[in-house]
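So the chains spell out like this:
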Amino acid sequence: MDDRRWPTYSSRNITLDSYVREGAPAGRGSFHVRDTAGKLYLDAINGIGCLPLGHGDPRWNAAIEAQMGKLVSAPGTIWTDPQQALARDLVKRVPVQDGRVFFGNTGTEVTEAAVKLATRATGRDVIIAFEKAFHGRTLAAIAMTANPKYRDSYVQVLDEAPLGPRFAQMNVARAPFGDLAAVETLFRRYSGRVAMVCVEPIQGEGGVNPGSREFLVGLRRLCNEHGALLGLDEIQCGVGRTGAFSAWTTLVGDDRELDADIVWYAKALGGGFPIAACVARADLAEVMTKGSHGSTFGGNPLACAAAIATLGIMDGDGLFASAGEQLGVLQSIAAEEPISGVLEVRGAGAMIGIEFGDADRALALVDTMQDLGVLVTISGGTAVRCLLAYHAGEAELCEVWTAIRRGLS
Ligand SMILES: Cc1ncc(COP(=O)(O)O)c(C=O)c1O
């Protein structure tokens, strides 16, 4: 293949052509895709979690087509019906009280919005993030992202051995995920300076690691004690993937006393159309005065119509509930038909990590599974990650498990 893209796109030796409707439930999205040679694949990559309805749900297609014939783009200075309707809907669903919404196009864009809001609202300059975290690829987001390979030559963070010339020094301090004592130590070290603790309730790129309830509630308590904001990155784990709209609710419950201050979503929100949303408490959002932030395409009517359709289909089809069952179904399959080498099947709902504890094995398996017609990604180096469409069930999970068994044999 004469690939004219930047080398940053690592190649998987596959060119996708289209989705297929065969085998898809009537009137719903397809679980399968086809490559240019006509070979079928079960898509458990799912655009890295962007296709909760599967491929080509006809109702989602129709909603986008209808909006295309009306209004596609409008500046943020002008209200549009889809944007207002989506904002009103989102604030009812999120674990933030009296929320106000900023719309972007990508996950990293709303991570940046959260950082800007947190520093402006508190007048503080340090953010606490976690080991194995991933928050995006713009400069503040890579500062909070743990893996140094993403920060290489761009950003230096606090308490890190000097890395050489860097474009930016960012005030991000890092603690091990799950370690409340380490977070407390950072609060003391940067006393009066911590604006926000930023956490993925379930780490996605870091290995599909759910935070324990004790840890997440402990973060809320520490933030309260030290006057910092609690920010949830729900870009990968949110929008129903774990069985509730927010993974926070799945893991912590819906005690409003424990609500976060800022929470942000992307990926599944548009059902495959790019859109992202950052929701913050109204009293905090007030600091983002006219012109203090913006995004030309963010919250455009077409993207908002796609998100409204996605949420409506999820509600109508009971997709949070079906997504929420996936992990348990796969764990039952794994218990009935154990595979030697699989150390753990973890996550929540339709966000599943299958742990091998061996990077070479996991990497090789991803390729073999592709040959066997199942698309998955690696997560945390040693786990295989499945992010199936929410209406996937036992048949698709068995297909994944069979491919793992055959791939390892
Ligand atoms: C938890 C989390 N935060 C942020 C991002 C960045 O999102 P995007 O690639 O849309 O900028 C991702 C993407 O994988 C993610 O999983």
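Residues numbered from 1 in each chain as written. Predicted model: local features only at pLDDT ≥ 70, side-chain atom pairs only at ≥ 80, totals over all residues. Heavy atoms only, no water.

Turning our attention to the overall build of the protein. Counting its secondary structure elements, the protein contains 14 helices and 19 strands. Here the C-alpha atoms of the protein give a radius of gyration of 21 Å, agreeing with the 22 Å that 2.2 N^0.38 yields for 409 residues. Projected onto the principal axes, the alpha-carbon positions of the protein cover approximately 55 × 50 × 45 Å. Relative to its full complement of 409 residues, the protein shows a buried share of 53%. Sequence-distant contacts, at least 24 apart, represent 71% of the contacts inside the protein between residues at least 6 apart. Accessible surface computed for the protein: about 17500 Å², of which carbon and sulfur atoms make up 53%. The positive charge centre, built from 38 side chains, and the negative charge centre, built from 47, are 4 Å apart in the protein. (Helix = DSSP H or I, 4+ residues; strand = E, 2+ residues; numbered from the N terminus. Rg over C-alpha atoms; globule rule 2.2 N^0.38 Å. Buried < 20%, exposed > 50% of the residue type's maximum accessible area, 1.4 Å probe, protein only. Contact = heavy atoms within 4.5 Å. Areas by Shrake-Rupley, 256 points an atom, 1.4 Å probe, with all protein chains shown as cover. Lys, Arg positive; Asp, Glu negative; His and termini not counted. Charge placed at Lys NZ, Arg CZ, Asp CG, Glu CD.)

Within helix 2 (residues 58-68), the full set of buried residues consists of Trp 60, Ile 64 and Gln 67. Taken end-on, helix 2 shows its buried residues confined to a sector of 65 degrees, consistent with a single buried face. Capping the start of helix 2 is the job of one residue whose side-chain oxygen sits 2.8 Å from the backbone nitrogen of Arg 59: Asp 57. (Arc of directions from axis to C-beta. Polar contact = N/O pair within 3.5 Å; in protein donor to acceptor, adjacent residues only side chain to side chain.)

By domain assignment, the protein separates into domain 1 (16-57 + 318-408) and domain 2 (71-316). Measuring from the centre of the C-alpha atoms in domain 1 to the corresponding centre in domain 2 gives 26 Å. Taking both partners together, domain 1 and domain 2 bury about 2200 Å²; carbon and sulfur atoms supply 60% of that area. When the buried area of domain 1 at its contact with domain 2 is split by residue, Phe 320, Met 351 and Tyr 390 rank highest and sum to 31% of it. For the interface between domain 1 and domain 2, the tally reads one salt bridge. The salt bridge partner of Arg 385 is Glu 205, with a shortest N-O separation of 2.9 Å. On the surface where domain 1 and domain 2 come into contact, there are 19 residue pairs in polar contact (both at pLDDT 80 or more). Secondary structure elements with two or more residues in the side of domain 1 that touches domain 2: helix 1 (46-49), helix 12 (319-336), strand 15 (344-348), strand 16 (351-355) and strand 19 (383-386). (Domains from an automatic or database assignment. Buried area = accessible area lost by both parts, 1.4 Å probe. Salt bridge = Lys/Arg side-chain N within 4 Å of Asp/Glu carboxyl O.)

This brings us to the site of the ligand. Taken together, the residues surrounding the ligand are Thr 106, Gly 107, Thr 108, Phe 134, His 135, Gly 136, Glu 200, Glu 205, Asp 233, Ile 235, Gln 236 and Lys 267. Gly 107 places a main-chain nitrogen or oxygen 2.8 Å from an oxygen atom of the ligand. Contact between the ligand and Thr 108: an oxygen atom at 2.8 Å from a main-chain N or O atom of the residue. Here the ligand has 390 Å² of accessible area as a free molecule, and 83% of this is covered by the chains. A class-by-class count of the residues in the shell around the ligand yields two nonpolar, six polar and four charged. (Near = heavy atom within 4 Å. Nonpolar A, V, L, I, M, F, W, Y, C, P; charged D, E, K, R; others polar.)

Moving on: the pattern of salt bridges. Where charged atoms from two side chains of opposite charge come close, those side chains can pair. Enumeration according to the criterion identifies 21 salt bridges in this entry. Two residues, Asp 159 and Arg 189, come together in a salt bridge whose shortest N-O distance is 2.9 Å. With Asp 159 in the loop between strand 6 (155-157) and strand 7 (168-170) and Arg 189 in helix 7 (residues 180-189), this pair connects stretches of sequence that are 30 residues apart. Arg 189 gets classed as partly exposed once you look at its relative accessible area, which sits at 47%. Look at the salt bridges and you will find they share partners, linking Arg 28, Asp 57, Arg 59 and Asp 317 into a network.

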